Structure formats: C-alpha cells, structure tokens
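Fold and geometry: a report
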Amino acid sequence: MNETLTLAQKKAVRAAMEERLALYRSCKYSGFERREARTTASYDPRYHGATNVVSDPTAQIAVYNVNEQMHRSYVCDSVEIALSLLPDKQRSIIETRYMRQNTPTDTQVCDRLSMSKDTYDRQRLAAMYEMALFLEVDCGFELT
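Here is a short report on the structure shown in this document. The structure presented is a predicted model; accordingly, all values stated were derived computationally and were not measured.

Taken together, the side chains of Ile81, Leu85 and Phe134 define a hydrophobic patch exposed on the protein surface, amounting to about 300 Å² of accessible area. In this structure, Phe134 sits in helix α5 (residues 117–135). Phe134 sits in the partly exposed class, given a relative accessible area of 42%.

Structural data, given as structure tokens:
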C-alpha cells in the first residue's frame, strides 16, 4: 500500500487530498449565491459578426445554478462516502483535522485523540491514500 511510496509521492498524495478536503469545506460551509437574471439586457455590439445569433441569458443562469448546486452536492457526498469506508481511527483523524469549519492544528488533533505524532502521521497518510484511491484524485502519479 503506502509503504512503497517515496517521500515525494507521499507529499503529492497529502497535497492533493488537502486540496480536495479544502474544496469539501468550501462547498459544505460557504453559502452558494444563486445568480439572477437582470431585468434589462445590456447592449452588446457585434462588429462584422453574425447578427442572427440568439442568446438566452436566463437559461444560461438557470443551468449554472443547477450545475453548481449539483457539483457542490457531489463533492460533499463523495468525500463523505470515502470517509465512511475508513477505519475508525483514520476516520476520526480526517474528520477532526480537515472536515470541520474551524480546523485545528496537527498538534491539537494529536492531543484530542491521545496519539503520538508519528502514529498520527502514519494513520493520516494511510487515510489520505485510501481516500485518494476511492476519489480517484490526481496526485501526479499512478495510485495502485
């Protein structure tokens, strides 16, 4: 599993997963502001172009609102499913460190979970590796 990873690969997995978990926090805890159509369209000059082009800004806004909401839901659901597949100790590390709105430091998490720094680092890397496999996160190399 992750015993065969080089130091550079371990850092790549951690960086990629921290980025995905930051995206999770952003989708979970930030409010989504839906776009609304303006009542009057702005004038858009067309220089030597097709003048028969029809646009529907209201439809584009509606599609954006739906797609963005679905994307946020997908990100949250996929991370939560990946987390549910982890063993209890690894799950508690990831939940405590990365999935709350106010994230504590690594030292604070070690203290809360009564765990040594080495054990914490080992378990966190194993959890991130398993989640990266499940989520198919691009780490810059082939995860196996």
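Okay, the pattern of salt bridges next. For the structure shown, the criterion picks out ten salt bridges. A salt bridge links Arg14 to Asp106; the shortest N-O distance between them is 3.8 Å. Residue Arg14 is found in helix α1 (residues 7–29), and its partner Asp106 is found in helix α4 (residues 106–112); the two are separated by 92 residues along the sequence. Classification of Arg14 as partly exposed rests on a relative accessible area of 31%. For the salt bridge of Lys28 with Glu80, the shortest nitrogen-to-oxygen distance reads 3.1 Å. Note that Lys28 is positioned in helix α1 and Glu80 in helix α2 (residues 57–84), a separation of 52 residues in sequence. On the basis of relative accessible area, Glu80 is assigned to the partly exposed category, the value being 29%.

As a further point, take the layout of surface pockets. Its boundaries defined by the atoms lining it, the second largest pocket holds a volume of some 260 Å³. Forming the boundary of the second largest pocket are eleven residues, of which Lys10, Asp121, Arg122, Arg124 and Leu125 lie nearest the centre. Listed by contribution, the elements that provide at least two residues to the lining of the second largest pocket are α1 and α5. Looking at the lining of the second largest pocket element by element, the count peaks at six residues for α5. Of the residues in the lining of the second largest pocket, the class split is three nonpolar, one polar and seven charged.

Taking 1.5 Å of rise per residue, the 28 residues of α2 would be expected to cover 40 Å, and the 40 Å separating its terminal C-alpha atoms lies within 8% of that figure. For α2, the elements touching its buried residues are α1, α3 (88–98) and α5.

Although it is not a glycine, Ser114 sits at a positive phi angle of roughly 50 degrees. The phi angle at Glu136 is positive, at roughly 55 degrees, despite the residue not being glycine. For Glu136, the location among the structural elements is in the segment after α5. The exposure class assigned to Glu136 is exposed, which follows from its relative accessible area of 69%.

Between α1 and α2, the shortest axis-to-axis distance is 9 Å and the interhelical angle comes to 125 degrees. Viewed along their axes, α1 and α2 adopt a mutual orientation that is oblique. Here α1 and α2 pass one another in a crossing that is left-handed. Residue-level contacts link Arg20, Leu21, Leu23, Tyr24, Ser26, Cys27 and Lys28 of α1 to Arg72, Val75, Cys76, Val79 and Glu80 of α2. Along the lines of polarity and charge, the residues of the contact of α1 with α2 split into seven nonpolar, one polar and four charged.

What follows is about the nonpolar core. Considering soluble globular proteins, one finds that nonpolar side chains tend to be buried as a cluster. With 25 residues, the main nonpolar core has Met17, Leu21, Ile94, Met99 and Met131 as its most contacted residues. Core analysis: the second largest hydrophobic core is formed by five residues, Ile93, Val109, Met115 and Tyr120 among them.

Turning to the state of the cysteines, a few remarks are in order. One pass over the full model with this rule turns up zero disulfides. Considering cysteine sulfurs only, Cys27 is the nearest to Cys76, which forms no disulfide, with 5.3 Å between them.

About the criteria used
- Residues numbered from 1 in each chain as written.
- Predicted model: local features only at pLDDT ≥ 70, side-chain atom pairs only at ≥ 80, totals over all residues.
- Heavy atoms only, no water.
- Patch = residues over 30% accessible without salt bridge, like charges linked within 9 Å, V, L, I, M, F, W, Y side chains within 5 Å.
- Areas by Shrake-Rupley, 256 points an atom, 1.4 Å probe, with all protein chains shown as cover.
- Salt bridge = Lys/Arg side-chain N within 4 Å of Asp/Glu carboxyl O.
- Helix = DSSP H or I, 4+ residues; strand = E, 2+ residues; numbered from the N terminus.
- Buried < 20%, exposed > 50% of the residue type's maximum accessible area, 1.4 Å probe, protein only.
- 1 Å grid on protein atoms, 1.4 Å probe; cavity = no way out; pocket = protein on both sides within 12 Å on 5 of 7 lines; lining within 4 Å.
- Points joined across faces, edges and corners; volume = space filled by probe spheres on them.
- Nonpolar A, V, L, I, M, F, W, Y, C, P; charged D, E, K, R; others polar.
- Expected span 1.5 Å × (residues − 1).
- Contact = heavy atoms within 4.5 Å.
- Axes fitted to C-alpha atoms, helices over the stretch in contact; angles between N-to-C directions.
- Parallel < 35°, antiparallel > 145°, perpendicular 65-115°, else oblique.
- Left-handed = near helix turned anticlockwise from the far one by under 90°.
- Core = buried A, V, L, I, M, F, W, Y, C linked by side-chain atoms within 4.5 Å.
- Disulfide = S-S within 2.5 Å.

Keep in mind these values describe shape, not function.
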